[in-house]
Amino acid sequence: MSTIAASHPAEAHGHGHEEATGWKKYLWSLDHKIIGLQYLFTSLGFLLLGGALALLLRWQLAYPSTQVMPNGDVGNPISLPFINPQFYNALFTMHATVMVFLVVMPLLIGAFGNYLIPLKIGAGDMAFPLINELSYWFFVVSGAVMLAGFFVAGGAAAGGWTSYAPLSSVAAYNGTKMGQTLWAAGIFINGLASIMGAFNYITTIVNMRAPGLGFFRLPLTVWALFITAFLLLLAVPVLSAAGAMLILDLNFGTSFFNPAKGGQPLLWQHLFWFFGHPEVYIMILPAMGMASDVLCIFSRKPVFGYKAMVFAMIAIGFLGFIVWGHHMFVSGMNLVLSAAFGVSTMVIAVPSAIKTFNWLGTLWGGSIRFTTAMLNALAFVAMFVIGGFSGIFMASTPVNIFVHHTYFIVAHFHYVLFGGSIFAIFASIYTWYPKMFGRMLDETLGKIHFALTFVFFNLCFFPMHNVGLGGMMRRIADPTAYEHLRSLQPINQFITMSAIGLGFSQLIFFWNFFRSMKHGKPAGKNPWQATTLEWTVDSPPGHGNFAVTPTVYHGAYEYSLPGHSRDFVMQNEPPTADAGSRRPVHAG
Amino acid sequence: MSKLFIPLATLLLTLSHSHAEIRQTSVWWLPRNVNMFGHEIDFIFYVILWITGITAVAVFSVMIYFIVKYRARPGVPAIHSHGNNTLEVIWTTIPVFIFLALAIYGNEQWTRMRLRTPPADALPVAVVGEQFGWNVRYPGPDGKLAKMTAAKVSKENPFGIDPQDPDGHDDFTTYGELVFPVGRPVRLYLSSKDVIHAFYVPEFRLYQDMVPGRVYDFVWFKAEATGYFQLACNQLCGQGHYKMFGKLSVVPEPEYEAWAKGKAPAATASSESSSTPVAVAGR
């Protein structure tokens, strides 16, 4: 079990660089912790931007600028006249693009992956620090390129984040040749950043674990990021290739996707979703891993069914590659293929169910501490359950014929991405902020932020199920254009008000985040009394992380072990003869 | 009753012909279903709703119970447990069976709806999307549509037909207007001139993408009630997407016949000339 990976990882690998100082530290540091923080700050900035785009969208849906009023005026008196239908399309395209590629992925993988992997495995840094820093700057450039679309002729890409061809690939159809090209270029560059990160993580986790830290002693956060890195490595190049083909189609006269010249529109969909579905798990697996760790820390319990958790994630990783067709049930691809994808899609729900039951098992018999981090982790579990359940409706091929591309799916993926990933990100920020900045976040502000976010999130996104079942399509700039949707308009306005509440609640978080850097209570090495290696070093850890490479003697979750004076056993705590004899056998 | 109802409904339909059904009640829920396949879709929807609803209540009850019961209290340590393999087997097996059952039953219905040959007496109707409207082609008295070839679809020939096709001479076309007889199967021939559009009518529980370069002939349905509905494009197709809708009415058979007669082309008129856009992209 406990294979010894490298005898002295801190000296042996990836630590051949000096500590950068001053402004250089934040511009061109090779230290994984600084790179992690660079990702954190940049993607929190993008979170504000993506949220602002969402609020503009919501305002247009509640008070459309195109609506014809009884007196003949076009536009509602309180509408935003600058949101014309084309700009609306650009808004939701860029909202999704920003949130997926510049917020959720870089927060989970860029920020926490970078910060936590070396610390949790007892390494001095990543295997390839230079590539790590390059990956960050490619990510920044990709964001700049995508957003540049707002300032070019025709405006930003407006074909949806899925950019279905031939709308996206023929300039005459989309009217946003430049914006769409920049979008595809941004996706391509972003893909390079992901690929660089992915092989760096894999190499680091395989080669640089501290002595005694076998794979089955790894914290689930590391397992999740490890599996995610494989998904990135296999899925992202496909999207990059598709993006390159899109650029060629738009600018250089090729016709990969244009049927008028012999191309094939469904090719884009297959390429996109071959990336796109693993991408869904790329955005939830690290959240699952980190939430598992947070749940254990604050219920003072070992994770329930550690190996089941690991194998469930591996199963999700494999199955994630054979379910992409469920996005295309009604695209007109071969109908038997739809049936097959329907079965694999139902099967992938099983490992998610296993994980949920194990989270409940982790709570069972615990000594639960309701910190802000824990509240967010519990919300993650609950919201993920709702998001998972709504997914079952769409996995059923016949029901999909009805609910496809309605607000039902918008509700579904926001429950998974915001309710799931973002709540897990908040849980993780509250948990590891003390390690990152040496100070605690304010718990009172944190709980207010949590309560408001939780309430407004549900008020905003739950009714979307209902308007979707009522027949409201996604991606329409003005629901009142349809007679049969006008009766749903009060619900749309209610959703918009909740979205505004949700958006403004986040300001409390940002206030807490920046204020606590100076004014938070000092954290100390291990404020949560957690077991893993990052809690054995200073907060924030010094350059090189570990003065001496730690040796690991325990699994990551030895909480409440009987016969110990404390209710946790650090992973690097040498076993005493006494404790060793009482060590319980793993159940089953 | 029904004899009285039909003229009454026809009258109401004519009076309110430009108003789709506006739901006054139950805006929070599914609109009424008028398609024969909709019953199965609604049935599976409710089965899943019950299964997930009951499971959700169970999961959240357990979660809240644990949260309350196992809150940190001084002097009460947590239980040191790494799990239980029997439980793992149980909560893996049960979902496997539930999900497989859902997949198998769902696929059976999917096959019924999409893979079975439409009935021979189905009324064939061709619908070809374009930015931002609907070209519709109906068969004339011969009941046959001209054969559509995806490769021939072009600006001038939206239906991709052979002008010499004898089946096509009595066909008639509309732009954005669909009328279906109630109780008779309708078989759709779907395609697109430019980008992907989608044929979506919530009351029909029906969504189908229309990908350019292909003609889909497997979608069929049977309307079981009359009414006026809106056909919506439900695949982002450009800036006018949000108002790419069509008028769709289901009427009694005699009324349909009368409507079709009124639309039938003069013997010499080209069937393509009636393609006058009525829904133009908004700025």
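These numbers come from a predicted model, not from an experiment.

Draft legend 1. Spatial organisation of the overall build of chain A. Secondary structure assignment for chain A yields 18 helices and zero strands. Reported as C-alpha extents along the three principal axes, the dimensions of chain A are approximately 85 × 55 × 45 Å. For chain A, buried positions account for 65% of its 588 residues. Across chain A, every contact between residues at least 6 apart in sequence was considered, and the portion connecting residues at least 24 apart equals 80%.

Draft legend 2. Representation of the overall build of chain B within the structure. Along the backbone of chain B there are four helices and 10 strands. Scanning chain B from its N terminus toward the C terminus, one meets helices and strands in the order α-α-α-β-β-β-β-β-β-β-β-β-β-α. For chain B, buried positions account for 43% of its 283 residues. Residue pairs at least 24 apart in sequence account for 74% of intrachain contacts in chain B once pairs closer than 6 positions are excluded.

Draft legend 3. Up close: the sheet that holds strand β2 (residues 133-138) of chain B. Residues and elements named next belong to chain B. Taken in spatial order, the five strands of this open sheet run β3-β2-β1-β5-β8, and their pairing is mixed. Of all strands in the sheet, those bounded by a partner on one side alone are β3 (172-175) and β8 (220-222). Averaged over neighbouring strand pairs, the angle between their axes works out to 25° when direction is ignored. Two strands pair when backbone bridges link them, and strand β1 (residues 123-130) and β2 are joined in this way by five bridges, in the antiparallel orientation.

Draft legend 4. Quick peek at the interface of chain B and chain A. Listed by partner, the interface residues are 88 residues for chain B and 89 residues for chain A. Mapped by element, the contributors of at least two residues to the side of chain B that touches chain A are α2 (38-69), α3 (85-115), β6 (197-201), β7 (206-210) and β9 (227-233) of chain B. For the side of chain B that touches chain A, the class distribution of residues is 51 nonpolar, 25 polar and 12 charged.

Draft legend 5. Molecular detail of the sheet that holds strand β4 (residues 177-181) of chain B. Residues and elements named next belong to chain B. Taken in spatial order, the five strands of this open sheet run β4-β10-β9-β6-β7, and their pairing is mixed. For this open sheet the edge positions go to β4 and β7, each flanked by a neighbour on one side alone. Sheet twist, expressed as the mean angle between neighbouring strand axes with direction ignored, is 20°. Relative to strand β10 (residues 245-251), β9 runs antiparallel, the two being bridged by six bridges. By the bridge assignment for β10, L231 is matched with G246.

Draft legend 6. Quick peek at the pairing of β6 of chain B. Residues and elements named next belong to chain B. In terms of residue burial, β6 counts as a mostly covered element, since five of its five residues are buried. Here five bridges tie β6 to β7, and the two strands are oriented antiparallel to one another. Across the sheet, residue V201 finds its bridge partner in β7, namely L206.

Draft legend 7. The arrangement of the domain arrangement of chain B in detail. Once the domains are mapped, chain B shows domain 1 (38-115) and domain 2 (123-274). Its C-alpha centre places domain 1 of chain B at a distance of 43 Å from the equivalent point of domain 2 of chain B.

Draft legend 8. Geometry of the packing of helix α13 (residues 372-395) of chain A against α2 of chain B. The interhelical angle for the contact between α13 of chain A and α2 of chain B, taken along N-to-C directions, is 170°, at an axis separation of 9 Å. Here α2 of chain B runs roughly antiparallel to α13 of chain A, going by the angle between their axes. Judged by residue contacts, L378, A382, V385, F389, I392 and F393 of chain A of α13 of chain A engage F45, I48, T52, A56, V59, F60, M63 and I67 of chain B from α2 of chain B. Broken down by class, the residue content of the contact of α13 of chain A with α2 of chain B amounts to 13 nonpolar, one polar and no charged.

Draft legend 9. The arrangement of the packing of helix α8 (residues 220-251) of chain A against helix α9 (residues 265-282) of chain A in detail. Residue and element names in this part refer to chain A. Contact geometry of α8 with α9 gives a least axis separation of 9 Å together with a crossing angle of 155°. Considering the angle they form, α8 stands roughly antiparallel to α9. Both α8 and α9 take part in a crossing whose hand is left-handed. Taking contact as the criterion, the partners of T228, L231, L232, A235, V236, V238, L239, A241 and A242 in α8 are, on α9, W268, L271, F272, F274, F275, P278, E279, Y281 and I282.

Draft legend 10. A look at helix α5 (residues 129-148) of chain A. In this model, α5 of chain A (20 residues) spans 29 Å end to end at C-alpha, consistent with the 28 Å of a helix rising 1.5 Å per residue. Listing the buried residues of α5 of chain A in full gives P129, N132, E133, S135, Y136, F138, F139, S142, G143 and M146 of chain A.

Draft legend 11. Spatial organisation of the nonpolar core. Residues and elements named next belong to chain A. Formed by 271 residues in total, the largest nonpolar core has its most connected members in A291, V294, M313, A377, F380 and A427. In terms of residues, this core owes the most to one element, helix α4 (residues 85-121), which gives 23 residues. When residues no more than four places from it in sequence are discounted, the contact partners of M313 are W223, A224, I227, L285 and M288.

Draft legend 12. The arrangement of the environment of E88 of chain B in detail. Mapping E88 of chain B onto the fold places it in helix α3. You can call E88 of chain B buried: it has 23 C-beta atoms within 10 Å. Separated by 118 residues in the primary sequence, E88 of chain B and L206 of chain B have C-alpha atoms spaced 39 Å apart. Aside from chain neighbours lying at most four places away, what touches E88 of chain B is G305 and A308 of chain A together with G83 of chain B.

Draft legend 13. Expanded view of unusual backbone geometry. Between S539 of chain A and P540 of chain A the backbone carries a cis peptide bond, its omega angle lying at -10°. As for its position among the elements, P540 of chain A is in the loop between α17 (489-519) and α18 (577-582). At the junction of Q131 of chain B and F132 of chain B, the peptide bond is cis and its omega measures out at 0° in the coordinates. Mapping F132 of chain B onto the fold places it in the loop between β1 and β2. Residue H405 of chain A is not a glycine yet carries a positive backbone phi of 60°. One can find H405 of chain A in the loop between α14 (397-403) and α15 (407-437). When the 21 C-beta atoms within 10 Å are taken as the criterion, H405 of chain A is described as buried.

Draft legend 14. Layout of the pairing of β7 of chain B. Residues and elements named next belong to chain B. In terms of residue burial, β7 counts as a mostly covered element, since five of its five residues are buried. A two-sided burial pattern is seen for β7, the buried positions comprising L206, Q208 and M210 on one face and Y207 and D209 on the other. Between β6 and the antiparallel strand that follows it, β7, lie four residues; R205 among them carries a positive phi value of about 50°.

Draft legend 15. Quick look at the environment of M346 of chain A. Along the polypeptide, M346 of chain A turns up in helix α12 (residues 335-363). You can call M346 of chain A buried: it has 27 C-beta atoms within 10 Å. Placed 46 residues apart in sequence, M346 of chain A and I392 of chain A show a C-alpha to C-alpha distance of 7.2 Å. Those residues in contact with M346 of chain A that sit more than four places away from it in its chain are A395 of chain A together with F99, L100, L102 and A103 of chain B.

Draft legend 16. Up close: α2 of chain B. Taking 1.5 Å per residue, 32 residues should reach 46 Å; α2 of chain B reaches 45 Å between its end C-alpha atoms and fits that length. Three or more residues of α2 of chain B are buried, namely G38, E40, I41, I44, F45, I48, T52, V59 and F66 of chain B. Lining the buried residues of α2 of chain B we find α12, α13 and α14 of chain A together with α3 of chain B.

Thresholds applied
Residues numbered from 1 in each chain as written. Chains lettered and ligands numbered in written order. Predicted model: local features only at pLDDT ≥ 70, side-chain atom pairs only at ≥ 80, totals over all residues. Helix = DSSP H or I, 4+ residues; strand = E, 2+ residues; numbered from the N terminus. Buried ≥ 20, exposed ≤ 12 C-beta atoms within 10 Å, placed from the backbone. Contact = placed C-beta atoms within 7 Å. Pairing = 2+ DSSP bridges. Axes fitted to C-alpha atoms, helices over the stretch in contact; angles between N-to-C directions. Nonpolar A, V, L, I, M, F, W, Y, C, P; charged D, E, K, R; others polar. Domains from an automatic or database assignment. Parallel < 35°, antiparallel > 145°, perpendicular 65-115°, else oblique. Left-handed = near helix turned anticlockwise from the far one by under 90°. Expected span 1.5 Å × (residues − 1). Core = buried A, V, L, I, M, F, W, Y, C linked by C-beta atoms within 7 Å.

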